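A structural walkthrough
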Amino acid sequence: MTEPTDLTVLVVDDDFMVASIHTRFVERAEGFRVVGVAATGETALAEIERLSPDLVLLDVHLPDLSGIEVLRRLRGAGNDVGVVMVTAAREADTVRAAVAGGAAHYLVKPFEADDLHWRLEAFRASRAALSGSATPGQDDIDAAFAPLNRGREVLPKGLSRETADTVLAALDDGVERSAAECAEAVGISRVSARRYLEHFVAQGRLAVRLQYGGSGRPERRYRRA
């Protein structure tokens, strides 16, 4: 049974298989639920009007309207629905337009589920910061802006400031390291190290590279951005 606190998500992508993958990624994130999928800009606008989702995963390259145009029309109509751009588009003008349009995050394809999950958690944290009062305090306002790399940084639940600082310091020498190597250097589990590392990637403080070799999944290598 779906919890009433779940945040609802509309997935917008003209590639059916990609939309299916993104849908599975969202549904594996606790507290998020996909309520619809759209393959065109016009359909996206109609579904946003009909479903009133909390968040839209919006591709830039659509067959009719661009995702940027969809975002502009939403804001022009006074619709402040959360938007995460999920796209292969890397052009600086496109990124700037997404920021100007109030997109919460900009995630470049291809990516893994964890890459999306950190953005979803940041969106949830921002939204929760303003949900308790009609007149939030400065700390709440800072928390709302932190996922966009503004204001004071807010760590996801379960992460400590002391360990976060230690993990980040492990990369101060400029050497690229894996989550396992960082875990060994800091003295925590690989899973915990990766949570901290991916948080810093989402904040733009670390860069990540996929290293391919042999069989199996590629290794994620982290370095200072």
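The paragraphs below set out a description of the structure included in this document. The residue count restarts for each chain, going from 1 along the sequence in the order it is written. Under the rules for a predicted model, residues below a pLDDT of 70 receive no local features and side-chain atom pairs below 80 are neither given nor counted, while totals for whole chains, interfaces and linings still include all residues. Hydrogen atoms and water are omitted, and side-chain values are computed over all heavy atoms in the structure.

1. Observations regarding the sheet that holds strand β6 (residues 177–178)
- Two strands qualify as a pair provided DSSP detects at least 2 bridges between them. Only DSSP runs of H or I with at least four residues qualify as helices, and only runs of E with at least two residues qualify as strands; both kinds are numbered from the N terminus onward. An order of β6-β8-β7 is seen for the 3 strands of this open sheet, with the pairing classed as antiparallel. Edge positions in the open sheet fall to β6 and β7 (206–211), since each of these has one partner strand only.
- Of the pairings in the sheet, the one linking β6 to strand β8 (residues 219–224) comprises 2 bridges and is antiparallel in character. Pairing of Ser-178 across the sheet is with Arg-221, part of β8.

2. Some points on helix α4 (residues 92–100)
- Buried means the residue's accessible area, taken with a 1.4 Å probe over protein chains only, is under 20% of the maximum for its type, while exposed means over 50%, and partly exposed covers the values in between. Every buried residue belonging to α4 is among Thr-94, Ala-97 and Ala-98, and all of these are buried. What you see down the axis of α4 is that its buried residues fit within an arc of 100°, all on one side. The exposed residues of α4 that point more than 90 degrees off its buried face are Asp-93, Arg-96, Val-99 and Ala-100.
- Buried residues along α4 sit in contact with α3 (67–76), β4 (82–87) and β5 (105–108). By definition, the arc is the one covered by directions from the helix axis to the C-beta atoms. Only heavy atoms enter the contact rule, under which two residues are in contact if any of them lie within 4.5 Å.

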